[in-house]
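What follows is each chain in one-letter form.
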Amino acid sequence: MEHFTIATVAEQSPDFRRVLWTGKHTQLVIMTVPPGGEIGEEIHEVDQILTFVSGIGKAVVGGRTRKVEQGDLVVVPAGTKHNFLNDGPNPLVLYTVYGPPEHADGAVHKTKEEADAAEEAGKDEPPAA
C-alpha cells in the first residue's frame with residue numbers, strides 16, 4: 001500500500017514536478033509553480049484532475065478562465081488545451097492525477113525549464129502500457 005499525507009508532501013516539495021506514484025491506469029504527481037510562473041499551455045491525450053493545496057492562481061481550460069485557490073479541484077478532459085498560472089505572491093502548490101500516466105515513473109523536474117527539456121528530449125515518457 002502507498003500512503004501519502006498529500007497536502008503535506010506537496011507543500012514540502014520544492015520541485016516544479018515530482019511523480020509520486022505510477023500505476024497501470026493512473027499516476028499521482030505533485031507540482032510547485034513559483035510566483036509569476038505557469039505550467040505552460042498544453043494538451044494531453046489523457047484525463048487530468050488537479051487539486052490545489054496552497055497559493056492562488058488562474059486556470060485556463062478549454063478557453064475558459066477561473067481563479068483557483070486552496071481546496072479547488074479542476075478536471076481537464078483528454079484533448080483539452082489548458083494552462084495554470086500562479087498570479088499570487090507565494091508558490092502555487094497542487095497535486096494531480098493523470099489517467100493513464102503522462103510522465104516517466106519517478107520523474108523529478110526541479111524547474112519548468114528542466115521539465116520542458118526532458119519532454120523535448122523524449123526523456124519524460126510514461127511507462128509502456
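Residues numbered from 1 in each chain as written. Predicted model: local features only at pLDDT ≥ 70, side-chain atom pairs only at ≥ 80, totals over all residues. Heavy atoms only, no water.

### Some thoughts on the side chain of H103
Line of reasoning, step 1. When you line up the elements, H103 lands in the loop between β8 (92-99) and β9 (108-109).
Line of reasoning, step 2. Residue classification places H103 among the buried positions, given a relative accessible area of 2%.
Line of reasoning, step 3. In this structure the side chain of H103 is engaged in a polar contact, spanning 2.5 Å, whose partner is the side chain of D124.
Line of reasoning, step 4. Discounting chain neighbours no more than four positions away, the residues touching H103 are R17, V19, Q27, V29, Y98, E119, D124, E125, P126 and P127. (Helix = DSSP H or I, 4+ residues; strand = E, 2+ residues; numbered from the N terminus. Buried < 20%, exposed > 50% of the residue type's maximum accessible area, 1.4 Å probe, protein only. Polar contact = N/O pair within 3.5 Å; in protein donor to acceptor, adjacent residues only side chain to side chain. Contact = heavy atoms within 4.5 Å.)

### Notes on the pairing of strand β4 (residues 56-61)
Line of reasoning, step 1. Judged by which residues are buried, β4 turns out to be one-sided: G57, A59 and V61 face inward and are buried, whereas I56, K58 and V60, on the alternate face, are not.
Line of reasoning, step 2. The sheet contact formed by β4 and strand β5 (residues 64-69) spans six bridges and is antiparallel. Counted as the bridge partner of V61 is R64 from β5.
Line of reasoning, step 3. Hairpin geometry of β4 and β5 is characterised by an intervening segment of two residues between the two adjacent antiparallel strands and by a positive phi of about 60° at G62.
Line of reasoning, step 4. Sheet analysis places β4 next to strand β7 (residues 82-86), joined by five bridges and oriented antiparallel. Counted as the bridge partner of A59 is F84 from β7. (Pairing = 2+ DSSP bridges.)

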